[in-house]
Amino acid sequence: MQRSIHTSAAMIAAASVIGISWGISSTPAFAAGDAPAADPGAKVDYSGKLSILTKFGLQQLSPYFVTIAKAYEAQHPGVKIELIQENDDSIKGKTKTLVASNSLPDIYFSWTGTWGENFIRGNRAVDLSKVIGPDTEWGKTLSPAAVKAFAYNGKYFGVPLYLDAKFMGYNKKMFADLGLDVPKDFDALLKACDALKGSGVIPIAIGNKESWPLVHYLGQMLVYNVPVETLERDFDPKTAKFDDPGYVAALDQYRALQDRCAGGAQVNGLSYQTAMQSLSDKKAAMYYQEIIEFDQSATKETMLKPEEFGFFKLPAPKDAKGSVTALEGAPEGYMVNAKSKNIPLAVDFLKFLTSQENGKALSTPPYGQPSAVIGGADKTKINPNVADGMDEIARATYLMPWLDTVNHPRVAAAWLSGLQAFAGGSMSAEDLVASVRKAATAAAK
Amino acid sequence: MKMGSATATSHNSAVKGGAAFDRRAWARHSLLQQLAALRWGIAALIIVGWFVYYPIIDNFFVSTTNQDIFTGEVNAVGLDNYRRLLDDQVVWLALRNNGLYAVFSVIFQVFAAFVLAAIIEGLRNRTWRNFWRAVYFIPSAISTTVTGLLFYFIYQPDIGLLDAFLHLVGLQNLSYTWLGDERTAIYAIIAMSQWQGFGYSTLLFTIAIQKIPRELYDAATIDGAGAIRQLFSITFPLTREMTGMMIIVTIAGAFQVFNEVMVMTGGGPNNSSQVLGTWLYEQGFNQNDMGYAAAIGVVIFVATLITGLLQLWYTKRRRVEV
């Protein structure tokens, strides 16, 4: 009898489990958002909660959004802002977890390229064309190139907050002590590395534990060696061929740079932050960094003082077949959740975030993020290097997007792991390009 | 009240109708009583079903689909994800790494911990016994994530504590990029794990050893048995149940490794330190391939289920009574 009771109990449990399972399995596991429920240009109701996922989780950057949120709440007492602050490494996982659980906040960070396109494919971003298009009042206050970077199929989905690009930061005093000039081409950079190594310092600190830092090196080298139209063809797995000899040429150049300027295969054992610290601690002469990091690598507190810090664009090889006037970088910004209960309020907050005043605050130390707002940088107050970097971005004829956000995730993964193998010496340049080609073929299916 | 009258009725019936009828009434009464008790268990069954068994079953269904988390599109692909598993070199590498984890963990966290526990319990001075137990246990009290970060800094080339120590003792030729080399990354992580888990196992073994009656050792000493003979003839047989349990628990744990790998290498360089857990995460959250990630989850489930069943079987069969 006891046995039959146990059997029936087990059957009840199994039936309930299977019933629940079938009932739920018949609906999609992750329901995508529906079309935007509200007009982004509608009258704003200044009440309720606004949640925001930022990429300003780093200690130096996190106060920015806190200050802005407090100022907005002070202007509109009925509004409560909830911040979720992540950093460069954690934001991808966090965003995908929120997407998978249909819990995206009202406003969320996005890169341009395939990353941003994912939200649009899934109807998770509000079409902001009506309020931020190039001819709109708000759109005219922002860098046109930055606004355009968030356009997909002629519609504008993102609000660019700042411009980002990659430059070689260097210790001016170390260069001066050895009588070195800013290298004009790639060979001159390698020669400078030889001289610096001879003086006992690390010429370039490279940390690739996270695997994306080398992707940034390669992005700039690829745009120097591969024609832009070929690169753009290869960004799409359906048209990708990865047959241009410039791919192998760029990898060979990276190999030379790693062998002569960095710690050889050691690069995979160091994090990018440890590498940046090496420049700040004057152990290394150079560190390849984003413009948004200029105000972190040389501060009043670091051994490398802001006046000792300089930067230059990664020099191109003399026989470059690609675009030598291109620069690796992209604006970064925010999108509005199509399922937000208060879309006009979210748009209003983003307008406040991109005001001239807040743009200037963003460009000024300690944040040092070049604002996408036209006139959003007071050159007398911002780091002169950031100001010069912004001019370089403006001069660039093409902004090469990050390889890990512009490519299909499977292709990006092939670049990321393949470059670690290449840096460690276990994969040749040809094999790496072949593995990327194979990943693109698989992704196209 | 109802139950009381039912009992009275069945008693009367038994007097009138004979012994066979009486047994049926009693059985019905017993069934009603047990069903009444069962209702209290139903809530628990539903909770366990919802939070434990439903995710397991649903994960299997997810593993037979391709899902795009951004669009919500779900396409049935049958067993394609499992066929893909067989061709995925990283899955085999991850399985090998989990296997290595299990082998090293059994050696250090079971057998070496057992020997250390026996040595500590053999100390005459109680204060020293407590001291060494605490010394070895402290690393287990630190979170795996914190330990992972700590060892990431210890292993740093040139500026890490390990290489600094090697330089200090004149062994600079042994300094190495432990986490940055495909050949050494997984071993460096495993070493950290042993450092952390060793003390916990030792503590469990000391408890098992403390349960062994002292008279057995006293008798063995009178008979002329030395410390090593006592270890193999008394301590080891009488802690066999704990040893068996520890082996199974350690192997199951080796297939659930995640935090330390994620913190120290993220599975790199070039996927060389991937374990099943981190490869699942990479596929699901970085490559947006939830169906395939679910298939990897099924592999982890099967591996841990087998070790779990072994554990149940062992506890039933290998009990040694003192």
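Note that the structure is predicted; figures quoted are calculated from it, not measured.

**Q** I'm lost on the side chain of B:Thr206 in this one. Help?
**A** Residue and element names in this part refer to chain B. Structurally, Thr-206 is set in helix H8 (residues 185-210). Residue class for Thr-206 comes out buried when judged on its relative accessible area of 0%. Beyond its immediate stretch of four places on either side in the chain, Thr-206 contacts Ala-117, Glu-121 and Arg-133.

**Q** Can you help me understand the domain arrangement of chain A in this one?
**A** In many reports, interface size means the accessible area that the parts give up when they come together. Residues and elements named next belong to chain A. In terms of domain boundaries, chain A breaks down into domain 1 (48-163 + 330-396) and domain 2 (165-328 + 401-444). Distance from the C-alpha centre of domain 1 to the C-alpha centre of domain 2: 27 Å. Each partner contributes to the interface: domain 1 provides 31 residues, whereas domain 2 provides 25 residues. Interface area, domain 1 with domain 2, both sides summed: about 2100 Å², of which 54% is carbon and sulfur. One can count one salt bridge joining domain 1 with domain 2. Residues Asp-404 and Lys-92 are paired through a salt bridge, measuring 3.6 Å at the closest nitrogen-oxygen approach.

**Q** Is there a simple way to think about the packing of aromatic side chains in this case?
**A** Within a pair of aromatic rings, the relevant descriptors are the distance that separates the centres and the angle that separates the planes. Under the counting rule described, the total for this entry stands at 46 aromatic pairs over all chains. Seen from their ring centres, A:Tyr108 and A:Phe119 are 4.7 Å apart, and the 50° between their planes marks the pair as tilted. Remark: A:Phe119 occurs in helix H4 (residues 114-121) and A:Tyr108 occurs in strand E3 (residues 107-110); sequence separation between them is 11 residues. Given a relative accessible area of 0%, A:Tyr108 falls into the buried group. Residue placement shows A:Arg255 over the ring face of A:Phe422; its charged tip is 4.2 Å from the ring centre. Note that B:Arg84 overlies the ring of B:Tyr292, its terminal NZ or CZ placed 3.8 Å from the centroid.

**Q** Would you mind showing me how to read the environment of A:Lys172 here?
**A** Residues and elements named next belong to chain A. Tracing the backbone shows Lys-172 in helix H7 (residues 172-177). Residue classification places Lys-172 among the partly exposed residues on the basis of a relative accessible area of 36%. It is 5.8 Å that separates the C-alpha atoms of Lys-172 and Phe-309, two residues lying 137 residues apart in sequence. If we ignore the near neighbours within four places in the chain, the residues touching Lys-172 are Glu-307, Glu-308, Phe-309 and Gly-310.

**Q** Just to check I follow, could you spell out unusual backbone geometry for this structure?
**A** In terms of backbone geometry, most residues other than glycine have negative phi values and most peptide bonds are trans. Omega for the peptide link from A:Pro365 to A:Pro366 comes to 10°, which places this bond in the cis form. With respect to the helices, strands and loops of the structure, A:Pro366 is situated in the loop between helix H15 (356-363) and helix H16 (384-395). Here the amide bond leading from B:Gly268 into B:Pro269 is cis, since omega sits at -5°, within 30 degrees of zero. Mapping B:Pro269 onto the fold places it in the loop between helix H12 (259-264) and helix H13 (276-286). The phi dihedral of A:Lys282 falls on the positive side, at around 65°, and the residue is not glycine. Assignment of secondary structure puts A:Lys282 in the loop between helix H12 (272-280) and strand E8 (284-290). The phi dihedral of B:Asn270 is positive, around 50°, even though this residue is not glycine. By secondary structure assignment, the location of B:Asn270 is in the loop between H12 and H13.

**Q** Please explain the nonpolar core as it appears in this structure.
**A** Note that soluble globular proteins tend to have their nonpolar side chains buried in a common cluster. Counting 150 residues, the largest nonpolar core has A:Leu257, A:Met286, A:Phe349 and A:Trp415 as its most contacted members. Residues from two domains meet in this core; each of domain 1 (48-163 + 330-396) and domain 2 (165-328 + 401-444) of chain A gives at least three. Listed in part, the 18 residues of the second largest apolar core include B:Leu100, B:Ile190, B:Ala254 and B:Met264.

**Q** Explanation requested: the interface of chain A and chain B in the structure shown.
**A** Between chain A and chain B, the residue contacts involve 43 residues of the former and 43 residues of the latter. Measuring nitrogen to oxygen at the nearest pair gives 2.8 Å for the salt bridge that ties B:Asp68 to A:Arg121. At the boundary of chain A with chain B, the tally comes to 10 residue pairs in polar contact (both at pLDDT 80 or more). Listed by contribution, the elements that provide at least two residues to the side of chain A that touches chain B are helix H1 (2-25), helix H3 (91-100), H4 and helix H18 (409-424) of chain A. Among the elements that take part in the side of chain A that touches chain B, H1(A) stands out by supplying 11 residues, more than any other. The residue makeup of the side of chain A that touches chain B, split by class, is 21 nonpolar, 16 polar and six charged.

**Q** Sorry, what's going on with the pattern of salt bridges here?
**A** Two side chains of opposite charge can pair, provided their charged atoms sit close to one another. All names here are of chain B. Summed over the entire model, instances satisfying the criterion amount to 19 salt bridges over all chains. The partner of Arg-83 in a salt bridge is Asp-80, and the shortest N-O contact between them spans 2.4 Å. On the criterion of helical spacing, the pair formed by Arg-83 and Asp-80 is a turn pair, its members being three residues apart in helix H3 (residues 80-87). Between Arg-133 and Glu-121 there is a salt bridge, with its nearest N and O atoms 2.9 Å apart. Of this pair, Arg-133 sits in helix H5 (residues 126-137) while Glu-121 sits in helix H4 (residues 89-122); the two residues are 12 residues apart in sequence, bridging distant segments of the chain. Glu-121 carries the same exposure label as Arg-133, and that label is buried.

**Q** Just to check I follow, could you spell out the environment of A:Lys49 for this structure?
**A** Residues and elements named next belong to chain A. Relative to the elements of secondary structure, Lys-49 occurs in strand E1 (residues 48-54). In contact with Lys-49, not counting residues within four places along its chain, are Lys-80, Glu-82 and Asp-106. Among the polar contacts listed, one links the side chain of Lys-49 to the side chain of Glu-82, at a separation of 3.4 Å.

**Q** Help me out: how do you make sense of H3(B) in this one?
**A** For an α-helix, the turn length of 3.6 residues means that residues three or four places apart are oriented alike. Residues and elements named next belong to chain B. By the burial criterion, the buried members of H3 are Asn-81, Tyr-82 and Leu-85. Seen along its axis, H3 keeps its buried residues to an arc of 100°; they face one direction. For H3, the exposed residues lying more than 90 degrees away from the buried face are Leu-86 and Asp-87.

**Q** How do you make sense of the pairing of strand E10 (residues 327-336) of chain A when you look at a structure like this?
**A** Along a regular strand, successive side chains alternate from one face of the sheet to the other. Residues and elements named next belong to chain A. Counting buried residues in E10 gives 10 out of 10 residues, a clear majority hidden from the surface. The sheet contact formed by E3 and E10 spans four bridges and is antiparallel. Residue pairing across strands places Tyr-108 opposite Met-335, the latter belonging to E10. Note: strand E6 (residues 159-171) against E10, six bridges, orientation antiparallel. The partner of Val-159 across the bridge, within E10, is Tyr-334. As defined by bridge partners, E10 adjoins strand E11 (residues 399-400) across two bridges and the pair is classed as parallel. Residue Glu-328 lies in a different strand from E11, and its bridge partner there is Met-400.

Reading the values: the criteria
Residues numbered from 1 in each chain as written. Chains lettered and ligands numbered in written order. Predicted model: local features only at pLDDT ≥ 70, side-chain atom pairs only at ≥ 80, totals over all residues. Heavy atoms only, no water. Helix = DSSP H or I, 4+ residues; strand = E, 2+ residues; numbered from the N terminus. Buried < 20%, exposed > 50% of the residue type's maximum accessible area, 1.4 Å probe, protein only. Contact = heavy atoms within 4.5 Å. Domains from an automatic or database assignment. Buried area = accessible area lost by both parts, 1.4 Å probe. Salt bridge = Lys/Arg side-chain N within 4 Å of Asp/Glu carboxyl O. Phe/Tyr/Trp six-rings, centres within 6.5 Å; stacked < 30°, edge-to-face > 60°. Lys NZ or Arg CZ within 6 Å of the ring centre and 35° of its normal. Core = buried A, V, L, I, M, F, W, Y, C linked by side-chain atoms within 4.5 Å. Polar contact = N/O pair within 3.5 Å; in protein donor to acceptor, adjacent residues only side chain to side chain. Nonpolar A, V, L, I, M, F, W, Y, C, P; charged D, E, K, R; others polar. Arc of directions from axis to C-beta. Pairing = 2+ DSSP bridges.

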